[in-house]
Amino acid sequence: MTETSKRKPIRKAVFPVAGLGTRFLPATKAIPKEMLPIIDRPLIQYAVDEAREAGIEQLIFVTGRGKTAIVEHFDTAYELEHTMGSRGKDLSVLDDTRIQPGNLVTVRQQVPMGLGHAIWCARAVVGDEPFAIFLPDEMMVGSPGCMKQMVEAYNEVGGNLISVLEVPEEEVSSYGVIAPGARISDTLTEVTGLVEKPKREDAPSNLIISGRYILQPEVMRLLEGQEKGAGGEIQLTDAMARMIGQQPFHSVKFAGRRFDCGSKAGFVEATITLALERADLADDVRAIMQRLLA
């Protein structure tokens, strides 16, 4: 049996969606930040669509108090669908919100202790399988999508993978940065180290971690006994760094665009960019922008 044939497929994805969204208050006082719409689709929908495109079968939402709207978005809305159907309305607009029974699982992160802790909360559902991680704040736009590109790379090299993007050197101090090793292809590079928000002069590269991961289940055992790191939280980056050298670890340079929808400016940029690319909106939005900028 070859190494490739023994490799377990990526069937599960974890979505850490327990954050409070304080940067978008007061809008997020009663609405999860992941439900804020980019035009007419909530942010979480874009991440779920990307997961499905990559062949992900089971979606694991790590939620917190007040986050039920995220799950309800992917549930059947009987009253809405009955009313639309009786009026002859097209129900296909809801197709992407439908998930097969049993394919969506939620677990609670009762205490906000960081990204690493949120991922660890999903350990029982992940089990002994490799899994993907999506940070919905990081909106990745491309064809094929970021995770599909990563799964294709995983099928080639296995192990652990993180998506990266190239940024200007003066911006590296705002991100997690990889130390690159052997270059496998134009998009695939070995990772020899991870540095969180380095000074520009100390950065090992200008390739930043960009919110998509494929990790082996052993990371859960590292998170289990991990002490708090930066900000008094359990950091996923610290656990990943300990896996380097123990298992294959590569980066995939995403051939697409990233929007930081965790920031207000990035959220607005994503909205305008996608509106300008839609046939039903582009002309009107362009005219509005020209009028406002005149």
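Residues numbered from 1 in each chain as written. Predicted model: local features only at pLDDT ≥ 70, side-chain atom pairs only at ≥ 80, totals over all residues. Heavy atoms only, no water.

> How should I be thinking about the overall build of the protein in this particular structure?
Per the secondary structure count, the protein includes 11 helices and 13 strands. Relative to the compact-globule value of 19 Å for 294 residues, the protein shows a C-alpha radius of gyration of 20 Å, a close match. The C-alpha extent of the protein, read off along each of the three principal axes, is 60 × 50 × 40 Å. Within the span of the protein, comprising 294 residues, buried residues form 48% of the whole. Within the protein, the 40 negative side-chain charges are centred at a point lying 4 Å from the centre of the 33 positive side-chain charges. (Helix = DSSP H or I, 4+ residues; strand = E, 2+ residues; numbered from the N terminus. Rg over C-alpha atoms; globule rule 2.2 N^0.38 Å. Buried < 20%, exposed > 50% of the residue type's maximum accessible area, 1.4 Å probe, protein only. Lys, Arg positive; Asp, Glu negative; His and termini not counted. Charge placed at Lys NZ, Arg CZ, Asp CG, Glu CD.)

> Got a minute to help me understand the state of the cysteines in this structure?
Applying the stated criterion across every chain, the model contains 0 disulfides. Cys-261 takes part in no disulfide bond, and the closest cysteine sulfur to it belongs to Cys-146, at a distance of 14 Å. (Disulfide = S-S within 2.5 Å.)

> Looking at this model, I keep getting lost on the nonpolar core. Mind explaining?
By size, the foremost hydrophobic cluster in this structure holds 36 residues, and its most contacted members are Phe-15, Ile-44 and Phe-61. Listing elements by their share of this core, those giving two or more residues are strand E1 (12-16), helix H2 (43-53), strand E4 (58-63), strand E6 (131-134), helix H7 (146-157), strand E8 (160-166) and strand E11 (207-215). For this core, the element with the most residues is H7, which contributes 6 residues. Core analysis: the next-biggest nonpolar cluster, separate from the first, contains 33 residues, Ile-119, Cys-121, Leu-215 and Ala-239 among them. (Core = buried A, V, L, I, M, F, W, Y, C linked by side-chain atoms within 4.5 Å.)

> Looking at this structure, how should I read the packing of aromatic side chains?
A ring pair, where both rings are aromatic, is described by two values, the distance of the centres and the angle of the planes. What the rule picks out here adds up to 4 aromatic pairs. Consider the rings of Phe-15 and Phe-61, whose centres lie 5.2 Å apart with planes at 80°: the pair is edge-to-face. Here Phe-15 is found in strand E1, whereas its partner Phe-61 is found in strand E4, with 46 residues between them in sequence. The same class applies to Phe-15 and to Phe-61, which are both buried. Sitting over the face of the ring of Tyr-154, Arg-7 holds its NZ or CZ atom 6.0 Å from the ring centroid. Residue placement shows Arg-123 over the ring face of Trp-120; its charged tip is 3.7 Å from the ring centre. (Phe/Tyr/Trp six-rings, centres within 6.5 Å; stacked < 30°, edge-to-face > 60°. Lys NZ or Arg CZ within 6 Å of the ring centre and 35° of its normal.)

> I keep staring at the packing of helix H10 (residues 264-276) against helix H11 (residues 282-293) and nothing clicks. Help me out?
Describing two packed helices takes the angle between their axes plus the distance from one axis to the other. Viewed as axis vectors pointing N to C, H10 and H11 meet at an angle of 125°, and their least axial separation amounts to 8 Å. The orientation of H10 with respect to H11, classified from their angle, is oblique. Contact residues: Ile-272, Ala-275 and Leu-276 in H10; Ala-282, Val-285, Arg-286 and Met-289 in H11. Among the residues making up the contact of H10 with H11, the classes are represented as 6 nonpolar, no polar and 1 charged. (Axes fitted to C-alpha atoms, helices over the stretch in contact; angles between N-to-C directions. Parallel < 35°, antiparallel > 145°, perpendicular 65-115°, else oblique. Contact = heavy atoms within 4.5 Å. Nonpolar A, V, L, I, M, F, W, Y, C, P; charged D, E, K, R; others polar.)

> Could you clarify how one ought to interpret H2 in this entry?
Count 3.6 residues to each turn of an α-helix, and residues three or four apart come out pointing the same way. Most of H2 is tucked away: 8 of the 11 residues are buried. Every buried residue of H2 is accounted for by Leu-43, Ile-44, Gln-45, Tyr-46, Ala-47, Val-48, Glu-50 and Ala-51.

> How should the environment of Lys-67 be read in this particular structure?
Structurally, Lys-67 can be placed in the loop between E4 and helix H3 (68-73). For the pair Lys-67 and Arg-108, spaced 41 residues apart in sequence, the C-alpha to C-alpha distance is 9.9 Å. With near-sequence residues (within four places) excluded, Lys-67 lies in contact with Val-17, Ala-18, Gly-19, Pro-32, Lys-33 and Glu-34. At 2.7 Å, the side chain of Lys-67 forms a polar contact with the backbone oxygen of Gly-19. (Polar contact = N/O pair within 3.5 Å; in protein donor to acceptor, adjacent residues only side chain to side chain.)

> Before we go on, may I ask you to explain the confidence of the model for the protein in this structure?
Low-confidence regions, as indicated by low pLDDT, have predicted coordinates that should not be scrutinised in detail. When the pLDDT values of the protein are averaged, the result is 89; 96% of them are 70 or greater. Across the protein, element-level confidence peaks in E6 with a mean pLDDT of 97 and bottoms out in helix H1 (residues 3-6) with 61. (pLDDT = per-residue confidence, 0-100.)

> Where do I start with the pattern of salt bridges in this structure?
Pairs may arise between side chains of opposite charge once their charged atoms sit close together. Here the structure, examined in full by the defined rule, presents 19 salt bridges. Asp-96 is paired through a salt bridge with Arg-41; the nearest N and O atoms lie 3.0 Å apart. Note that Asp-96 is positioned in the loop between helix H4 (78-86) and strand E5 (104-108) and Arg-41 in strand E3 (residues 41-42), a separation of 55 residues in sequence. Look at Arg-41 and you get partly exposed, because its relative accessible area is 21%. Its salt-bridge partner being Asp-95, residue Arg-98 comes within 3.6 Å of it at the nearest N-O pair. One connected set of salt bridges, linked through shared partners, spans Arg-11, Lys-12, Glu-57 and Glu-129. (Salt bridge = Lys/Arg side-chain N within 4 Å of Asp/Glu carboxyl O.)

> Just checking my understanding: could you explain the environment of Lys-264 for this structure?
Relative to the elements of secondary structure, Lys-264 occurs in helix H10. Distance from Lys-264 to Glu-53, taken between C-alpha atoms, is 27 Å for residues 211 residues apart in sequence. Non-local contacts of Lys-264, meaning those with residues more than four positions away in its chain, are made with Arg-23 and Phe-24.

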